[in-house]
Amino acid sequence: TVEVHAGRWEAAAVHKRELFDLAEQTAFLHLPALRTEAHLALLRGDVDRARGMLGELVVEADAKGESLNLRSALHLQGLLELSLGDPTAALAPLRNARLIAERIALGEPGMLLSYLDEVEARAATDDPESAAMVLEAFQQRTARSLAPWIEPLVDRARGLLLAAER
């Protein structure tokens, strides 16, 4: 996923193929490989493929009790709906991703970006109060982080809240 987030999609595609190969050989890593493939499909605009793979990933991760993969899949489902201009459809998967992150006490800021996408969805659906609560939860969970990218993302989220309040 580092390659995906860095915008090196071809390198990510190679990584994804290697994950699938390892999954076939070891019976492990199928869910991360599927998640990477779904993320690439989403980023490339292949909506039907991304949606299908994410649906499969949610079902499989939930059945296996794979909280981290389930949280990631739900985040990507919400991100897909946001990218299609449907913040209402994004709310449930983003909320569920946040609830999983809270339940497992996830603290890595890079794995909490679903909170900020949920802020965007809630602000876009005229619910600035709950959006502000989610933003506050993100800030509390990332308060100790020194990552320089957090502040600009929080500022963007605040801007979305201000726009929703008008």
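Throughout what follows, the structure given in this document is the object of discussion. (Residues numbered from 1 in each chain as written. Predicted model: local features only at pLDDT ≥ 70, side-chain atom pairs only at ≥ 80, totals over all residues. Heavy atoms only, no water.)

Overview of helix 7 (residues 113-124)
Thinking step 1. Its twelve residues place the ends of helix 7 17 Å apart at the C-alpha level, agreeing with the 16 Å of an ideal helix rising 1.5 Å per residue.
Thinking step 2. Most of helix 7 sits inside the fold, with nine of its twelve residues counted as buried.
Thinking step 3. Where helix 7 is concerned, the buried positions are Ser 114, Tyr 115, Leu 116, Asp 117, Glu 118, Val 119, Ala 121, Arg 122 and Ala 123.
Thinking step 4. Against the buried residues of helix 7 lie helix 5 (67-83), helix 6 (87-103), helix 8 (128-141) and helix 9 (150-165).
Thinking step 5. Within two residues after helix 7, Asp 126 carries a phi angle of roughly 60 degrees, on the positive side. (Helix = DSSP H or I, 4+ residues; strand = E, 2+ residues; numbered from the N terminus. Expected span 1.5 Å × (residues − 1). Buried < 20%, exposed > 50% of the residue type's maximum accessible area, 1.4 Å probe, protein only. Contact = heavy atoms within 4.5 Å.)

With respect to the packing of helix 4 (residues 47-64) against helix 5
Thinking step 1. One way to put it is that helix 4 packs onto helix 5 with a least axis distance of 9 Å and a crossing angle of 150 degrees. Considered as vectors, helix 4 and helix 5 are oriented roughly antiparallel to each other. In this structure, helix 4 crosses over helix 5, and the sense of that crossing is left-handed. Contact residues: helix 4 offers Val 47, Arg 51, Leu 54, Gly 55, Leu 57, Val 58, Ala 61 and Asp 62, while helix 5 offers Asn 69, Leu 70, Ala 73, Leu 74, Leu 76, Gln 77, Leu 80 and Glu 81.
Thinking step 2. Residues belonging to the contact of helix 4 with helix 5 are distributed by class as follows: ten nonpolar, three polar and three charged. (Axes fitted to C-alpha atoms, helices over the stretch in contact; angles between N-to-C directions. Parallel < 35°, antiparallel > 145°, perpendicular 65-115°, else oblique. Left-handed = near helix turned anticlockwise from the far one by under 90°. Nonpolar A, V, L, I, M, F, W, Y, C, P; charged D, E, K, R; others polar.)

Brief notes about the pattern of salt bridges
Two side chains that carry opposite charge are able to pair once their charged atoms sit near each other.
Thinking step 1. Per the stated rule, a full pass over the model turns up nine salt bridges.
Thinking step 2. Residue Arg 49 pairs with Glu 37 through a salt bridge whose shortest N-O separation is 2.0 Å. Of this pair, Arg 49 sits in helix 4 while Glu 37 sits in helix 3 (residues 30-43); the two residues are twelve residues apart in sequence, bridging distant segments of the chain.
Thinking step 3. Here Glu 118 makes a salt bridge to Arg 98, at a shortest N to O gap of 2.6 Å. A residue pair is termed long-range when its members are at least 10 positions apart, and Glu 118 in helix 7 and Arg 98 in helix 6 qualify at 20 residues. The residues Glu 118 and Arg 98 share a single accessibility class, namely buried. (Salt bridge = Lys/Arg side-chain N within 4 Å of Asp/Glu carboxyl O.)

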